[in-house]
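Inside the fold
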Amino acid sequence: MKIKNICCIGAGYVGGPTMAVIAKQCPGIKVTIVDINEARILAWNSNNFDDLPVFEPGLAEIVKETRGRNLFFSTEVDKAIDEAEMIFISVNTPTKTYGKGKGMAADLKYIELCARQIARVAKQDKIVVEKSTLPVRTASAIKSILDNTGNGVQFQILSNPEFLAEGTAVQDLLNPDRVLIGGDTSTKEGNEAVKSLVEVYSNWIPLAQILTTNLWSSELSKLTANAFLAQRVSSINAMSEICEETGADVQEVSKAIGMDSRIGPKFLNASVGFGGSCFQKDILNLVYIAKSYGLNEAADYWEQVILINEHQKNRFSDNIVKTLYNTVSGKNIAFLGWAFKKDTNDTRESPAIKVADNLLNEQALISVYDPKVIEERIYADLDYLNTRSEEENRSLLKVMTNPYQACDNVHAVAVLTEWDEFKDYDWKKIYANMQKPAFVFDGRGVLNKEAMESIGFVYYKIGSGSK
Ligand SMILES: NC(=O)c1ccc[n+]([C@@H]2O[C@H](COP(=O)([O-])OP(=O)(O)OC[C@H]3O[C@@H](n4cnc5c(N)ncnc54)[C@H](O)[C@@H]3O)[C@@H](O)[C@H]2O)c1
Ligand SMILES: O=c1ccn([C@@H]2O[C@H](COP(=O)(O)OP(=O)(O)O[C@H]3O[C@H](CO)[C@@H](O)[C@H](O)[C@H]3O)[C@@H](O)[C@H]2O)c(=O)[nH]1
């Protein structure tokens, strides 16, 4: 079937950019993104393109080009489902916070609601595409709901996991390493559905990069990819601690091992820990799946990736306390960066949150500057932890709109996100206005050690031994 009308349920970090790029590359397809969150849809429809709910380099330009042409944002979910031949489900699948599997399993309630809504509304055959990241075998649950509660129309389920990384979403979507499409390859209808989606992507992606598999391989490949990526970060972070004790430098070690073509140079940056909405959630989900099949050794193996990540965040804040003469009570610490990585306004699972919480427990006073994250978000992240009252969070932590103000008169500066602009600051000016000795804790390894030390800073870089 040649697709002319696509609906995407979920206008978030994945639904928004993914569909904007499909609309750009396929002017003949009408793409409607729907969401129950009215404020979010309003923001996507804003005439001020700085107000779009997702910040991604290059995204505003694409929305400007396509919105109103063949890209539409709406809260009319039923209407968009009814009109579309192909429906992407791109809703959130967070870690469960209640009941069986609490803290590990993926919460599929939003997925199920979408399936039931599609079944209720659909009056013609539809192709339903899983864009959200899902536990392996979710497609069978979606199919069961659709077939048992639908109006007798035929549904084909495809799995089309998204591999974009935030901050580079537009580039990743325009030039993906691969697109993965899983379908029911045992039936003619299943194969035809796969072909329809391949055709959509083939408008801009070479066929050799569009991989088709069975449904379960596709679903599991997404969890596997994230587990492998996060494992690399935890592996290099585990080495960073050994580097610090032995006088090795983790950046030199990364370079040395990355030049081995079997290892490769990417994803070897030691850091204060990985964040983002996916890695932790997806690995916990994988661990839960393995446990549910009784595969305890496999579960323990992958769980270690999370444990090292927790350790890395705690180790960073512990080092700040230890270095500041074992007390930060009443001391001012500036945070440069709150987002979980550069070039995004997303803060989900950002290591900055845990590091701040640890330091606030030690009664530190924190001033935060992030070029893209708004004050409201920072307080919401802290309040969500429920460690202390909202009033206390607001009195102990201040959000600044100017980095020099954030660093004014502080005892220490901590770099929590690798924003490029941090490298270009007037560090002499920052030094002059700080308490002495002036400490810098570089959790991202972005500043130049020699330059910082020559200004006079006591400079600590993650994974850099001083021995
Ligand atoms: N964020 C990423 O970089 C990324 C990358 C690849 C895959 N994923 C996966 O994609 C999925 C979506 O992630 P996200 O970051 O875009 O989430 P998000 O929270 O930014 O967006 C999800 C949206 O779905 C909406 N929604 C939920 N239930 C709905 C319903 N019944 N009807 C209409 N709208 C509904 C929410 O209001 C929200 O706006 C997740 O499964 C995630 O694991 C995320
Ligand atoms: O060498 C590295 C690489 C990454 N990170 C950190 O790891 C986290 C995740 O980074 P990244 O993977 O670049 O961003 P995400 O947007 O979380 O993307 C991941 O998660 C998405 C959601 O599933 C997938 O689609 C992507 O392929 C996968 O890279 C961030 O906190 C980074 O700072 C490091 O500390 N060191």
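Definitions and limits used
- Residues numbered from 1 in each chain as written.
- Chains lettered and ligands numbered in written order.
- Predicted model: local features only at pLDDT ≥ 70, side-chain atom pairs only at ≥ 80, totals over all residues.
- Heavy atoms only, no water.
- Domains from an automatic or database assignment.
- Contact = heavy atoms within 4.5 Å.
- Buried area = accessible area lost by both parts, 1.4 Å probe.
- Salt bridge = Lys/Arg side-chain N within 4 Å of Asp/Glu carboxyl O.
- Polar contact = N/O pair within 3.5 Å; in protein donor to acceptor, adjacent residues only side chain to side chain.
- Nonpolar A, V, L, I, M, F, W, Y, C, P; charged D, E, K, R; others polar.
- Near = heavy atom within 4 Å.
- Areas by Shrake-Rupley, 256 points an atom, 1.4 Å probe, with all protein chains shown as cover.
- Helix = DSSP H or I, 4+ residues; strand = E, 2+ residues; numbered from the N terminus.
- Core = buried A, V, L, I, M, F, W, Y, C linked by side-chain atoms within 4.5 Å.
- Buried < 20%, exposed > 50% of the residue type's maximum accessible area, 1.4 Å probe, protein only.
- Axes fitted to C-alpha atoms, helices over the stretch in contact; angles between N-to-C directions.
- Parallel < 35°, antiparallel > 145°, perpendicular 65-115°, else oblique.
- Left-handed = near helix turned anticlockwise from the far one by under 90°.
- Pairing = 2+ DSSP bridges.
- Right-handed = clockwise from strand over helix to strand, strands pointing away.

**Some points on the domain arrangement of the chain**
Taken domain by domain, the chain holds domain 1 (5–211) and domain 2 (227–461). Taken together, the contact pairs 23 residues of domain 1 with 20 residues of domain 2. Ranking the residues of domain 1 by area buried against domain 2 places Phe55, Met104 and Glu166 at the top, with a combined share of 41%. The interface formed by domain 1 and domain 2 contains one salt bridge. The salt bridge involving glutamate 166 is made with arginine 348; its shortest N-O contact spans 3.6 Å. Along the contact surface separating domain 1 from domain 2 lie five residue pairs in polar contact (both at pLDDT 80 or more). A per-class count over the side of domain 1 that touches domain 2 returns 12 nonpolar, seven polar and four charged.

**Quick notes on the site of ligand 2**
By nearness alone, 21 residues border ligand 2, and Phe163, Leu164, Ser271, Cys278 and Arg444 come closest of all. A distance of 3.3 Å is found between an oxygen atom of ligand 2 and a backbone nitrogen or oxygen belonging to glutamate 162. At 2.8 Å, a backbone N or O of asparagine 269 approaches a nitrogen atom of ligand 2. For ligand 2, the accessible surface in isolation is 690 Å², of which the surrounding protein chains cover 91%. At the level of elements, α9 (215–246) and α11 (279–292) are the ones that each hand at least two residues to the shell around ligand 2. Among the elements that take part in the shell around ligand 2, α9 stands out by supplying four residues, more than any other. In the shell around ligand 2, the residues fall into 11 nonpolar, four polar and six charged. Viewed by domain, the shell around ligand 2 spans two of them, domain 1 (5–211) and domain 2 (227–461), each represented by three or more residues.

**Re the nonpolar core**
Counting residues in hydrophobic clusters, the biggest one holds 59 residues, and the most contacted among them are Phe316, Phe335, Trp338, Leu359, Leu397, Val413 and Trp427. If one sorts the elements of this core by residue count, helix α13 (residues 351–361) sits on top with six residues. Those residues within four positions of leucine 359 in sequence are excluded, and the remaining contacts are Ser317, Ile320, Val321, Val328, Ile333, Phe335, Ala364 and Ile366.

**Describing the side chain of glutamine 156**
Tracing the sequence through the fold places glutamine 156 in strand β6 (residues 155–159). Residue classification places glutamine 156 among the buried residues on the basis of a relative accessible area of 16%.

**So, the site of ligand 1**
In the vicinity of ligand 1 lie 25 residues, with Asp35, Arg40, Thr93, Glu166 and Lys281 positioned nearest. Between ligand 1 and isoleucine 36 there is a distance of 3.4 Å, counted from a nitrogen atom to a backbone nitrogen or oxygen. Within the side chain of threonine 93, a nitrogen or oxygen atom sits 2.6 Å from an oxygen atom of ligand 1. Coverage of ligand 1 by the protein chains reaches 93% of its 830 Å² of free accessible surface. For the shell around ligand 1, a count of residues per class yields nine nonpolar, nine polar and seven charged. Residue-level mapping places the shell around ligand 1 at the junction of two domains, with at least three residues from each of domain 1 (5–211) and domain 2 (227–461).

**A few points about the packing of helix α1 (residues 15–25) against helix α3 (residues 59–66)**
Contact geometry for α1 and α3: axes closest at 9 Å, N-to-C directions at 50°. Considering their axes alone, α1 and α3 lie oblique with respect to each other. As α1 runs across α3, the sense of the crossing is left-handed. On the side of α1, the interface is formed by Pro17, Ala20, Val21, Ala23 and Lys24, while α3 contributes Leu59, Ile62, Val63, Glu65 and Thr66. The residue makeup of the contact of α1 with α3, split by class, is seven nonpolar, one polar and two charged.

**Structural notes on the pairing of strand β4 (residues 86–89)**
Neither face of β4 is open: one carries Met86 and Phe88, the other Ile87 and Ile89, and all of them are buried. Direction of pairing for strand β1 (residues 5–9) relative to β4: parallel, over a ladder of four bridges. Considered in β4, the bridge of isoleucine 9 is made with isoleucine 89. Inspection of the sheet shows β4 paired to strand β5 (residues 126–130) by four bridges, in the parallel sense. Looking at β5, one finds that phenylalanine 88 is bridged to valine 129. In the classification by handedness, the crossover that spans β4, the intervening helix α5 (residues 109–121) and the parallel β5 is right-handed.

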